[in-house]
Amino acid sequence: MKEKEAIKVLSERQQDILYYTQNFMSQRGYPPTIRDIQNGCGISSTSVVNYNLNILSRRGYMKRTKDVSRGIELTGDVIPSVFAGSMTAVPLLGIIAAGVPIEVPEVSSLDEVDEFINVSIDMLGKHKNIYALKVKGTSMIEAFINDGDTVILEATRQVENGQVAAVWLKNEQEITLKKFYADGAKARLVAQNPQFAPIITTTENVEIQGRLIAVLRSIV
């Protein structure tokens, strides 16, 4: 069955579930629960949600991990086609570390960008100055950001405590993706993997380069 034909056999409810799940993950960085989907899509019961999730899984639109509350993974190779006609090109600027910080090349102008990725406009919402980075490392896996994923960020110099951010370490000349916390003159960059210790530094040594707004999962 061709991709366009496969999309047509999805019911309106199943398309609503896909749309809601994609937006939920882009805004929060992790999948919704069945109860989240029930409430967000106005569905009568969790059993109805589960029934439709099973159909979406069988048809290749997502993967599900049994007995895991948020065990939904969208298959990014087909999801964009569900919302065809609402895509935009986002510059892919390089690699960011979710692990030990690594250096990435600076890009002073979008004229120097060689690679772009197509992203749903709905995923971006009202955010502006958007760019993408490929993730290297596993320090953010409990935030559902894994090695090989692509993160979509909004260029900004400020984030709130607890938000996931791309942080440039000035002295080390390295960039990393972590949850950011600032307390006076101290800054703490916290991994979402117990195997990685937090990076403790000063606020003078850090420069926020972007705030996470979405994650595109790598499909292996």
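Keep in mind that this is a model prediction, so the values were computed, not measured. (Residues numbered from 1 in each chain as written. Predicted model: local features only at pLDDT ≥ 70, side-chain atom pairs only at ≥ 80, totals over all residues. Heavy atoms only, no water.)

Q: Is there a simple way to think about the overall build of the protein chain in this case?
A: Across its full length, the protein chain holds six helices and eleven strands. Looking at the protein chain residue by residue over its 220 residues, the buried ones come to 43%. Sequence-distant contacts in the protein chain: of pairs separated by 6 or more residues, those separated by 24 or more amount to 63%. With an accessible surface of roughly 12100 Å², the protein chain has 47% of that area assigned to carbon and sulfur atoms. (Helix = DSSP H or I, 4+ residues; strand = E, 2+ residues; numbered from the N terminus. Buried < 20%, exposed > 50% of the residue type's maximum accessible area, 1.4 Å probe, protein only. Contact = heavy atoms within 4.5 Å. Areas by Shrake-Rupley, 256 points an atom, 1.4 Å probe, with all protein chains shown as cover.)

Q: How should I be thinking about the packing of helix α3 (residues 34-41) against helix α4 (residues 46-58) in this particular structure?
A: Helix-helix packing: each pair is described by the crossing angle between the helix axes and the interaxial distance. Remark: α3 packs on α4, axes separated minimally by 9 Å, with the N-to-C direction vectors making an angle of 100°. The orientation of α3 with respect to α4, classified from their angle, is roughly perpendicular. Counted together, Ile34, Arg35, Ile37 and Gln38 of α3 and Thr46, Val49, Asn50 and Leu53 of α4 form the full contact between these two elements. (Axes fitted to C-alpha atoms, helices over the stretch in contact; angles between N-to-C directions. Parallel < 35°, antiparallel > 145°, perpendicular 65-115°, else oblique.)

Q: What's the story with the pairing of strand β6 (residues 150-154) in this structure? I'm lost.
A: Consecutive side chains along a regular strand alternate between the two faces of the sheet. Where burial is concerned, most of β6 is hidden: five out of the five residues are buried. Going residue by residue along β6, you find Thr150, Ile152 and Glu154 tucked away on one face and Val151 and Leu153 tucked away on the opposite face as well. Sheet topology note: the strand β5 (residues 130-136)/β6 ladder contains five bridges and is antiparallel. Bridged to Ile130 within β6 is Glu154. (Pairing = 2+ DSSP bridges.)

Q: Even after reading the chapter, I still don't get the pattern of salt bridges, so can you show me in this structure?
A: Once the charged atoms of two side chains with opposite charge are near each other, the side chains can pair. Under the criterion given, the structure shown has three salt bridges. Here Asp36 ties to Arg70 by a salt bridge, and the two come within 3.2 Å at their closest N and O atoms. On the criterion of sequence distance, the pair formed by Asp36 in helix α3 and Arg70 in the loop between β1 (62-64) and β2 (72-74) is long-range, its members being 34 residues apart. By relative accessible area, Arg70 is classed as partly exposed at 27%. (Salt bridge = Lys/Arg side-chain N within 4 Å of Asp/Glu carboxyl O.)

Q: What is the right way to look at unusual backbone geometry in this model?
A: Keep in mind that most residues, glycine aside, have a negative phi and that most peptide bonds are trans. Of note in this structure, Phe144 is not a glycine but carries a positive phi near 60°. Look at Phe144 and you get partly exposed, because its relative accessible area is 29%. A positive phi is found at Gln173, a non-glycine position, where the angle reads about 55°. Looking at the element boundaries, Gln173 is found in the loop between β7 (164-169) and β8 (174-183).

Q: Explanation requested: the packing of aromatic side chains in the structure shown.
A: Aromatic ring pairs are described here by two measures, namely the spacing of the ring centres and the angle between the planes. Following the criterion strictly, the structure yields three aromatic pairs and no others. Relative to Tyr30, the ring of Phe24 lies with its centre 5.8 Å away and its plane at 75°, an arrangement referred to as edge-to-face. On the basis of relative accessibility, which here comes to 28%, the residue Tyr30 falls in the partly exposed class. Taking the centre distance of 6.4 Å and the plane angle of 40° together, the rings of Tyr30 and Phe144 count as tilted. Of this pair, Tyr30 sits in the loop between α2 (12-28) and α3 while Phe144 sits in the loop between β5 and β6, and the two are 114 residues apart along the sequence. Within the aromatic cluster, the residues linked to one another by ring pairs are Tyr20, Phe24, Tyr30 and Phe144. Over the aromatic face of Tyr181 sits the side chain of Arg188, whose NZ or CZ is 4.7 Å from the ring centroid. (Phe/Tyr/Trp six-rings, centres within 6.5 Å; stacked < 30°, edge-to-face > 60°. Lys NZ or Arg CZ within 6 Å of the ring centre and 35° of its normal.)

Note that all results are geometric; they support no functional claim without further evidence.
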